[in-house]
Amino acid sequence: MNEIITLAHGSGGETTHRLLSEEIAVLYASEAQWDDAAVLAAHERIAVTTDSFVVSPLEFPGGDIGKLAATGTINDLVVRGARPAYMTVGLIIEEGLPLSVLRTVLRSLRSTCDEAGAAVVAGDTKVVERGSGDGLFINTTGIGVISAAEPPGAGRVAPQDQVIVSGYLGDHGVAILAAREDLPLQTPIESDCAPLHDLAHCMLQAGGEGVHAMRDPTRGGLAAVLNEIAEYAGVGMNVDAQAIPVRPQVMATSEILGLDPLHLANEGKLVAFCSSQSAPKVLQAARRHPLGRHSTIIGEVTPGPETRVTVRTSLGTTRVLSMPAGELLPRIC
Amino acid sequence: MCLAVPGRVVSLEGASGVVDVAGVAVQVRMDFVPDVTEGQYVLVHAGFAVTSVDEQEASDTLRLLQEAGRGGQGTAGGT
Amino acid sequence: MDKVLREEPEAHGGPLGCRRAANLMEVCGTHSHAIAQYGIKQLLPQGVRLISGPGCPVCVTPVEIIDLALAIARLPQTTVTTFGDMVRVPGTDSTLSREKALGRDVRIVYSPMAAVETAVEEPDRQVVFIAVGFETTAPMVAACILEAERLGLSNFSIIAAHKIIPPAMRALLQSGEVRIDGFLCPGHVATVIGLTPFARIASEFGLPCVVSGFEPEDIIAGLRGLLRQIDDAEGRGENAYQRCVKDKGNPRALATTDQVFEATDANWRGLGQIPLSGLRLRWAYSRFDAERRFDVELPTPREHPGCSCGSVLRGLVQPAECPLFGAACTPTTPVGPCMVSSEGACAAAYRYEQ
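Residues numbered from 1 in each chain as written. Chains lettered and ligands numbered in written order. Predicted model: local features only at pLDDT ≥ 70, side-chain atom pairs only at ≥ 80, totals over all residues.

Peer 1: Honestly, the overall build of chain B in this entry has me stumped. Any pointers?
Peer 2: Looking only at helices and strands, chain B has one helix and five strands in total. Each helix and strand of chain B, ordered N terminal to C terminal, gives the series β-β-β-β-β-α. Going through the 79 residues of chain B one by one, you find that 58% of them count as buried. (Helix = DSSP H or I, 4+ residues; strand = E, 2+ residues; numbered from the N terminus. Buried ≥ 20, exposed ≤ 12 C-beta atoms within 10 Å, placed from the backbone.)

Dropping the structure here:
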């Protein structure tokens, strides 16, 4: 019989205990403390991030919600120049979820953490009634260690900084869209979901203090990142449409569905804002890395107080790239 | 008022077919292009082919989309 | 493309030029969007203005249609299917998006055929499709009605809200409210209806009507055609989208539309009633008309006071001139459909021009 998760698994008794010790345990290293809270060695400065993952479908080309949860959390730490160290994993499971899916997801999560050197040290598991969740929701907290005196951050972005993206944009967004049952299209595009601790490290080594800020363009895509940074730092930005790398299939899917590829989510890309002096070195370091081969400079930061992000089009004209608004709706007309 | 993209007919089956738009395979109804053959280009709107497209011109347009993703210096077309 | 325009101007006609001042109007939401996205207005010569007309089908759909969709969504065992743009358009007291959040079954589809498939897969539910769009989309919906008939479906119906664009173009010219010296005509509508209806408007009113595609090069070619005709004081129909548009359009698509729909007087948001400008289901297919099938009470239709969508749609007011633009009315907090629809003039202006 194909085993599924039932409400009994969430009730806190024997069935829960078995689930934890036989299945959830795969997340934890053998030295895991089985107490209500994990006690960890203190560090100079820590970075903390929290995230929730609600992707549907749970498994998609290039990954699954477990891999996504780990990479999303790791990458949030990594863009602040933190070394990922610890993670917590909260699971909200909808009853009826096949155990086989849970196993796959947990293993993905664990192996991605291992890749980045992060240990899962605490977690929680709940089961909710059918209809109350999309199969599985995952919440995480990530803790990283900061060693740099001044970590990269939006506040350090300054006029004349160069904007570097680490590769093709929109792959994850399109992979998820194409995996939806209700759209009549198929592409070979896979999610770019990947932990970026090593790529970020290489870029920071190469650029040092010159790397002013980094972000991972997830929900809302490049457009959201550029607008958020512009607003926070009180600067403007100008990017060249023809410099932004987008795969033909991503362009085509965007055209078909009436979406802007610059609004689509990425789960394995970095946007870095570097001083004009450090940018060439950072770019070179990124391109040498397997996850950054297609890195390119797409534009630069302009002085405030206008915090507009503008795009030079292929016609040589200028248009604004605004903050994405609302839910992504495939439009037709 | 109408998003439509050109693509190449890859296969036909009954009233439907698959159209390749720069590497994306779209399921398309062929009700309005009954004489279309595999290899021809059509314009796709809302899941239907609305007209056939002159091949030379269509492939020029598709090449613009293709060029959007060439190598590390790929472009985003006009977006 | 910029290389072509700048380094080889002689080969491609050079930058856009015109000896006279001119007001050009586009009547296609997809043109509005592409023009804003590529900053094409920046290429226009001095004295030439390009204004948006009533080319966004979502924008010209009257409030009553939205209210009907909302009322139907609130019925038990009923599924409302729609194109994405409609979902956030304000009705009198709610939106489809809000109703979905409250638990009604509202589903976005890419193709109307998906609505028919849903009806087949869920025979216990009434499936209603909101049929908006111009002549490009009407044939698809007609094909779906024929498919529903072939399958003997009793749980599929449409809210018939299609409109046809040439009567609106005529109404604008006849009203004389805005000076129009030429129309950039919708290329994908023309793939269905051909060049002829636009050529007729051109000769009746003596102004150029150029059918144009949607790539930036296509739009520039269309504008070039318009400006050349204006310079030469010509007024005829011209096809600048020959790879997709034939003079006679697509007779099969037209025939399918004609089999299922007939012209009727229709209410356009902002333009009022225009004779024979809409499509209604023919008597033989009237059982697929959701308005007949469902007995629902509708509120007195009300639009937001201060919303200038009507004037924007007639080309009287530019988006930035609306007092609500960018303040009370933004893409995240839209007041009127011109801001909600990604093809609305206000949404295009806000997103790409600001």
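We are not done yet, so read on.
Peer 1: Even after reading the chapter, I still don't get the overall build of chain C, so can you show me in this structure?
Peer 2: For chain C, the helix and strand inventory stands at 15 helices and 11 strands. Scored against the burial criterion, the 354 residues of chain C give a buried share of 60%. When contacts within chain C are restricted to residue pairs at least 6 apart in sequence, those whose partners lie at least 24 apart make up 76%. (Contact = placed C-beta atoms within 7 Å.)

Peer 1: What's the story with the packing of helix H2 (residues 65-78) of chain A against helix H3 (residues 99-116) of chain A in this structure? I'm lost.
Peer 2: Between two packed helices, the angle of one axis relative to the other and the distance separating the axes together describe the packing. All names here are of chain A. The N-to-C vectors of H2 and H3 enclose an angle of 30°; their axes lie 6 Å apart at closest approach. Classified by the angle between their axes, H2 and H3 sit roughly parallel to one another. For the element pair H2 and H3, the recorded crossing hand is right-handed. Along its contact with H2, which presents Ile-65, Gly-66, Lys-67, Ala-69, Ala-70, Thr-71 and Ile-74, the element H3 presents Val-105, Leu-106, Ser-108, Leu-109, Thr-112, Cys-113 and Ala-116. Split by residue class, the contact of H2 with H3 holds nine nonpolar, four polar and one charged. (Axes fitted to C-alpha atoms, helices over the stretch in contact; angles between N-to-C directions. Parallel < 35°, antiparallel > 145°, perpendicular 65-115°, else oblique. Left-handed = near helix turned anticlockwise from the far one by under 90°. Nonpolar A, V, L, I, M, F, W, Y, C, P; charged D, E, K, R; others polar.)

Peer 1: Hey, could you run me through the interface of chain C and chain B in this one?
Peer 2: One frequently used descriptor of interface size is the decrease in accessible area upon assembly of the parts. Each side of the interface is counted separately: chain C has 33 residues, and chain B has 21 residues. Elements with a minimum of two residues in the side of chain C that touches chain B: helix H2 (29-37), helix H5 (112-121), helix H6 (138-150), helix H8 (187-193) and helix H11 (251-260) of chain C. Broken down by element, the side of chain C that touches chain B gets its largest block of residues, four residues, from H8(C). Looking at the side of chain C that touches chain B residue by residue, the class counts come to 17 nonpolar, 12 polar and four charged.

Peer 1: Is there a simple way to think about the nonpolar core in this case?
Peer 2: Soluble, globular proteins show a tendency: their nonpolar side chains are buried together. Membership of the largest hydrophobic core comes to 246 residues, with the highest contact counts inside it found for A:Ala272, A:Val282, B:Val44, B:Ala49, C:Ala69, C:Ile158 and C:Ile159. In terms of domain composition, this core takes at least three residues from each of domain 1 (7-146) and domain 2 (154-320) of chain A. Leaving out residues up to four positions away in the same chain, A:Val282 has contacts with A:Ile164, A:Met203, A:Ala206, A:Gly207, A:Val211, A:Ala272 and A:Cys274. (Core = buried A, V, L, I, M, F, W, Y, C linked by C-beta atoms within 7 Å. Domains from an automatic or database assignment.)

Peer 1: How should the environment of A:Asn238 be read in this particular structure?
Peer 2: With respect to the helices and strands, the residue A:Asn238 is situated in strand E10 (residues 236-240). Setting aside residues no more than four positions away along its own chain, A:Asn238 makes contact with A:Gly299, A:Glu300, A:Thr302, A:Thr310 and A:Arg312.

Peer 1: Help me understand the sheet that holds strand E6 (residues 156-160) of chain C, please; the structure alone is not making it clear to me.
Peer 2: Sheet strands line up and pair through hydrogen bonds in the backbone, either parallel or antiparallel. All names here are of chain C. Taking strand neighbours across the sheet as the criterion, the four strands line up as E4-E3-E5-E6 in an open arrangement whose pairing is parallel. Whereas interior strands pair on both sides, the edge strands pair on one side only; in this sheet they are strand E4 (105-108) and E6. Across this sheet, the average inter-strand angle for adjacent strands is 25°, counted without regard to direction. Against the sheet, helix H3 (residues 63-73) makes contact with strand E3 (78-82), E4, strand E5 (126-131) and E6, and its axis sits at roughly 145° relative to E3, the strand it touches most. Running at roughly 170° to E5, H5 makes contact with E3, E5 and E6 of the sheet. (Pairing = 2+ DSSP bridges.)

Peer 1: Got a minute to help me understand helix H4 (residues 171-179) of chain A in this structure?
Peer 2: Count 3.6 residues to each turn of an α-helix, and residues three or four apart come out pointing the same way. Residues and elements named next belong to chain A. The buried fraction of H4 amounts to eight of the nine residues, a majority that puts the element mostly inside the structure. Within H4, burial applies to Asp-171, His-172, Gly-173, Val-174, Ala-175, Ile-176, Leu-177 and Ala-178. Considering only its buried residues, H4 is in contact with strand E2 (59-60), strand E8 (185-186) and helix H7 (248-257).

Peer 1: What is the right way to read the sheet that holds strand E1 (residues 45-53) of chain A from this model?
Peer 2: All names here are of chain A. The sheet built from four strands is open, its strands ordered E1-E6-E4-E5 with mixed pairing. Lying at the two open borders of the sheet, with one neighbouring strand each, are E1 and strand E5 (119-128). The mean angle between the axes of side-by-side strands here comes to 15°, regardless of whether they run parallel or antiparallel. The pairing of E1 with strand E6 (residues 136-146) spans nine bridges and is classified as antiparallel.

Peer 1: Explain helix H9 (residues 196-205) of chain C to me, please; I cannot follow it from the model alone.
Peer 2: Residue and element names in this part refer to chain C. Restricting attention to buried positions, one finds in H9 the residues Pro-197, Phe-198, Ile-201 and Ala-202. Projected down its long axis, H9 carries its buried residues within an arc of 145°, all on one side. Residues of H9 that are exposed and point more than 90 degrees away from the buried face comprise Ser-203 and Glu-204. Close packing links the buried residues of H9 with helix H7 (165-175), strand E7 (182-186), H8, strand E8 (209-212) and strand E9 (237-239). (Arc of directions from axis to C-beta.)

Peer 1: Could you clarify how one ought to interpret the pairing of E6(A) in this entry?
Peer 2: Sheet topology note: the strand E4 (residues 82-94) of chain A/E6(A) ladder contains 11 bridges and is antiparallel. The residue bridging A:Arg83 from the neighbouring strand is A:Val145, located in E6(A).

Peer 1: Just to check I follow, could you spell out the packing of H4(A) against H7(A) for this structure?
Peer 2: Residue and element names in this part refer to chain A. Relative to each other, H4 and H7 sit at 55°, their axes nearing to 10 Å. By the angle class used here, H4 and H7 are oblique. Handedness of the crossing formed by H4 with H7: left-handed. Residues Asp-171, Val-174, Leu-177 and Ala-178 of H4 form the contact with H7, whose participating residues are Gln-249, Val-250, Thr-253 and Leu-257. In terms of residue class, the contact of H4 with H7 is built from five nonpolar, two polar and one charged.

Peer 1: What is the right way to look at the environment of C:Pro112 in this model?
Peer 2: Take C:Pro112: it is sitting in helix H5. The class of C:Pro112 is buried, set by 28 C-beta atoms lying within 10 Å. Setting aside residues up to four positions removed in sequence, C:Pro112 forms contacts with B:Ala46, C:Phe129, C:Met140, C:Val141 and C:Cys144.

Peer 1: Sorry, what's going on with unusual backbone geometry here?
Peer 2: Among all residues except glycine, the phi angle is most often negative; among peptide bonds, the trans geometry is most common. Cis geometry is found at the peptide bond from A:Ser56 to A:Pro57, where omega equals 5°. Looking at where A:Pro57 falls in the secondary structure, it is placed in the loop between E1 and E2. In this structure, the amide linkage connecting A:Gly304 to the following residue, A:Pro305, adopts the cis form with an omega of 0°. Examined against the element boundaries, A:Pro305 turns out to sit in the loop between strand E12 (296-302) and strand E13 (309-312). One non-glycine residue, C:Leu276, lies in positive phi territory at about 50°. Among the secondary structure elements, C:Leu276 is positioned in strand E11 (residues 272-281). C:Leu276 gets classed as partly exposed once you count the C-beta atoms within 10 Å, which come to 13.

Peer 1: Before we go on, may I ask you to explain the confidence of the model for chain C in this structure?
Peer 2: Interpreting fine coordinate detail is not advised for predicted regions of low pLDDT. Residue and element names in this part refer to chain C. Mean pLDDT over chain C stands at 92; residues scoring 70 or higher make up 96%. Contacts from residues 1-12, a stretch scored under 50 in pLDDT, to residues over four places away or in other chains number 14 contacts. Across the whole predicted complex the pTM is 0.90, and at the interface the ipTM reaches 0.89. (pLDDT = per-residue confidence, 0-100.)

Peer 1: Please clarify how the confidence of the model for chain B should be interpreted in this entry.
Peer 2: The predicted model of chain B has a mean per-residue pLDDT of 80, with 72% of residues at 70 or higher. Of all the helices and strands in chain B, helix H1 (residues 55-67) of chain B carries the lowest mean pLDDT, 65, while strand E2 (residues 16-21) of chain B carries the highest, 96.

Peer 1: What am I meant to see in the environment of C:Gln242 here?
Peer 2: Residue and element names in this part refer to chain C. Looking at the secondary structure, you find Gln-242 in the loop between E9 and H11. By C-beta crowding, Gln-242 is classed as partly exposed, having 13 other C-beta atoms within 10 Å. In this structure, the C-alpha to C-alpha distance between Gln-242 and Val-106, residues 136 residues apart in sequence, is 39 Å.

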